[in-house]
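Per-entry structural report
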Amino acid sequence: MTTVSPRKAERSQRLLLGANATDAAGRSLSDITIDLLFVGALGATAMQMGMLNALGSLAFVLASIPAGHMVDKYSAFRVLRIGLGAKLFLLGCLAVLSSADALSIPMGMLLCALLGICNVFSETSQTTAVPQLIEDDPENRSAGISKLIASLSAADQSMTVVVPGLAGTGFALWGAPPLLGISAALGLLALLMALRVHSHHPSQGPGGTLKPSAEQSGMLAGLRYLLRHRLLLAITVAVMFSNLGLAIGSSVEAIFIINELGFGEFGYGIFVSIGGIGGLIGAAVAGKLAGKFPPATLLVCTGSLQAALTGCVLAAAYAPELWSMVLLGTFSLGWGIIVLLFNIAASSWVVQIVPEHLLGRVLSARRLFTFGVVPVGGLAGGAVASAWGIAAGLLGWVVAAALSVISYLAMRDPATR
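Bear in mind that the values here come from a model prediction, so they are computed numbers and not experimental data.

Moving on: the pattern of salt bridges. One pass over the full model with this rule turns up four salt bridges. Across the pair Arg27 and Asp23 runs a salt bridge whose closest N-O atoms are separated by 3.4 Å. Here the residue Arg27 and the residue Asp23 both occupy positions in helix α1 (residues 6-41), the gap between them amounting to four residues, near one helical turn. For Arg27, a relative accessible area of 15% translates into the label buried.

Here is the structure:
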């Protein structure tokens with residue numbers, strides 16, 4: 001097998017990280033700007049904002065399977081460049097239309113839905129490209145995959161913490177068009193870096209060295225592989241329950257802190273900021289921990305800690321004011337660290353155990369479960385809290401977090417460690 005030099009492979013890894021970080025910064029900036037644009041300039045109602053968010057989630061689910069099929073068929077690098085180029089065009093359209101006061105709510109929703117689809121293609125291709133940038137040495141390959149995925153996740157996390165505050169200030173000073181223009185410029189920079197990323201295994205191509213069978217070549221091959229692979233399905237269900245719990249908790253968390261505990265918007269903002277600090281800490285240590293511990297160990301430990309941290313939120317409902325502040329502060333700081341490590345452990349493990357010619361489709365099939373459950377969790381959390389109170393919604397979060405670990409331990413092969 002022909003391989004490029006380690007130095008060139010390391011350069012491609014750095015370029016992929018740079019493209020990912022720049023793309024994440026532009027995505028975070030455009031997401032905040034679009035929300036502010038819809039509410040402030042376009043006067044969108046709560047129903048219209050709900051539709052905007054629903055379109056984003058729907059695009060993610062509907063585009064997952066086609067995105068995985070294209071990544072496996074045409075190579076991750078080619079799809080990554082196409083996805084970034086399409087995002088650049090759509091951001092440019094939003095910037096021009098908003099600058100000319102020609103953007104309507106329906107047109108904005110359409111462009112945002114298309115942006116969501118492009119995000120699916122770019123994110124799927126970024127993760128699928130990871131194994132092609134790592135050396136073949138069996139002793140170092142698993143650690144290398146984990147570290148690179150950890151770095152990609154850390155870059156995403158850092159941008160989602162740093163950019164929103166800057167976006168709010170920038171919107172107040174300059175309005176939407178300049179910020180959308182900056183987002184487009186960041187997208188262009190990400191595309192330029194992605195154009196210079198090349199496979200560490202150039203002879204493998206999109207389908208690997210072996211020609212896949214007709215069954216393996218189909219669009220649903222990733223879904224079939226996922227459902228037949230016991231360990232892979234166990235990991236996926238664990239992440240699914242984790243996301244379900246987070247969706248349930250997100251639907252009641254703000255109301256709980258602001259109204260039930262009486263800490264108000266200012267107090268809620270403090271806890272969100274603490275969570276952001278936790279996310280930055282997690283981003284800083286993720287690479288070292290991901291390469292040091294086996295994915296199975298990280299998955300079980302961080303999943304268990306998620307259940308414990310959600311228990312802190314539930315306990316805060318019954319604790320005195322001072323203790324409720326301590327419990328919520330502990331949750332906010334720990335959650336940003338633990339969830340990032342949990343997701344890195346799951347993602348890196350999946351990349352290691354799935355054949356490269358199926359990786360894109362398997363990753364996309366997983367999204368049907370791990371992301372498709374999010375709107376269900378949001379609706380369920382709101383319904384439970386409305387019927388039986390906020391504490392019941394928080395209990396649902398704890399149960400879902402606990403089921404994340406329990407389901408994995410029950411479904412995995414007993415020999416897995």
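Anyway, onward from the coordinates.
Looking now at the packing of aromatic side chains. A complete count under the given rule lists four aromatic pairs for this structure. When the centroid spacing of 5.3 Å and the interplanar angle of 35° are considered together, the rings of Phe331 and Trp335 count as tilted. Of the two residues, Phe331 and Trp335 are both situated in helix α12 (residues 321-353); the distance of four residues between them amounts to about one turn of the helix. The burial state of Phe331 is the same as that of Trp335; both residues are buried. Through successive ring pairs, a cluster of aromatic residues spans Phe331, Trp335 and Trp397.

The subject of this paragraph is a positive patch on the surface. A cluster of basic residues, Lys8, Arg11, Arg14 and Arg196, forms a positive patch at the surface. On the secondary structure map, Arg196 appears in the loop between α6 (176-194) and α7 (214-217).

In this section: a nonpolar patch on the surface. Residues Met107, Leu110, Leu114 and Ile117 make up a contiguous nonpolar surface patch of about 300 Å² in total accessible area. Turning to its location among the elements, Ile117 is positioned in helix α4 (residues 105-129). Overall, the relative accessible area of 30% leaves Ile117 in the partly exposed class.

On to unusual backbone geometry, then. Of note, Ser75 is a non-glycine position whose phi angle comes to about 90°, a positive value. By secondary structure assignment, the location of Ser75 is in the loop between α2 (46-74) and α3 (76-99). Of note in the backbone geometry, Asp101 takes a positive phi value of approximately 55° without being a glycine. Structurally, Asp101 is set in the loop between α3 and α4.

So, on to the environment of Thr22. Among the structural elements, Thr22 can be located in helix α1. Here Thr22 falls in the buried class, since its relative accessible area comes to 11%. Each C-alpha atom of the pair Thr22 and Ala155 lies 8.7 Å from the other, and the pair is 133 residues apart in sequence. For Thr22, the contacting residues outside a window of four places in its chain are Leu186, Leu189, Ala190 and Met193.

Cut-offs used in this document
- Residues numbered from 1 in each chain as written.
- Predicted model: local features only at pLDDT ≥ 70, side-chain atom pairs only at ≥ 80, totals over all residues.
- Heavy atoms only, no water.
- Salt bridge = Lys/Arg side-chain N within 4 Å of Asp/Glu carboxyl O.
- Helix = DSSP H or I, 4+ residues; strand = E, 2+ residues; numbered from the N terminus.
- Buried < 20%, exposed > 50% of the residue type's maximum accessible area, 1.4 Å probe, protein only.
- Phe/Tyr/Trp six-rings, centres within 6.5 Å; stacked < 30°, edge-to-face > 60°.
- Patch = residues over 30% accessible without salt bridge, like charges linked within 9 Å, V, L, I, M, F, W, Y side chains within 5 Å.
- Areas by Shrake-Rupley, 256 points an atom, 1.4 Å probe, with all protein chains shown as cover.
- Lys, Arg positive; Asp, Glu negative; His and termini not counted.
- Charge placed at Lys NZ, Arg CZ, Asp CG, Glu CD.
- Contact = heavy atoms within 4.5 Å.

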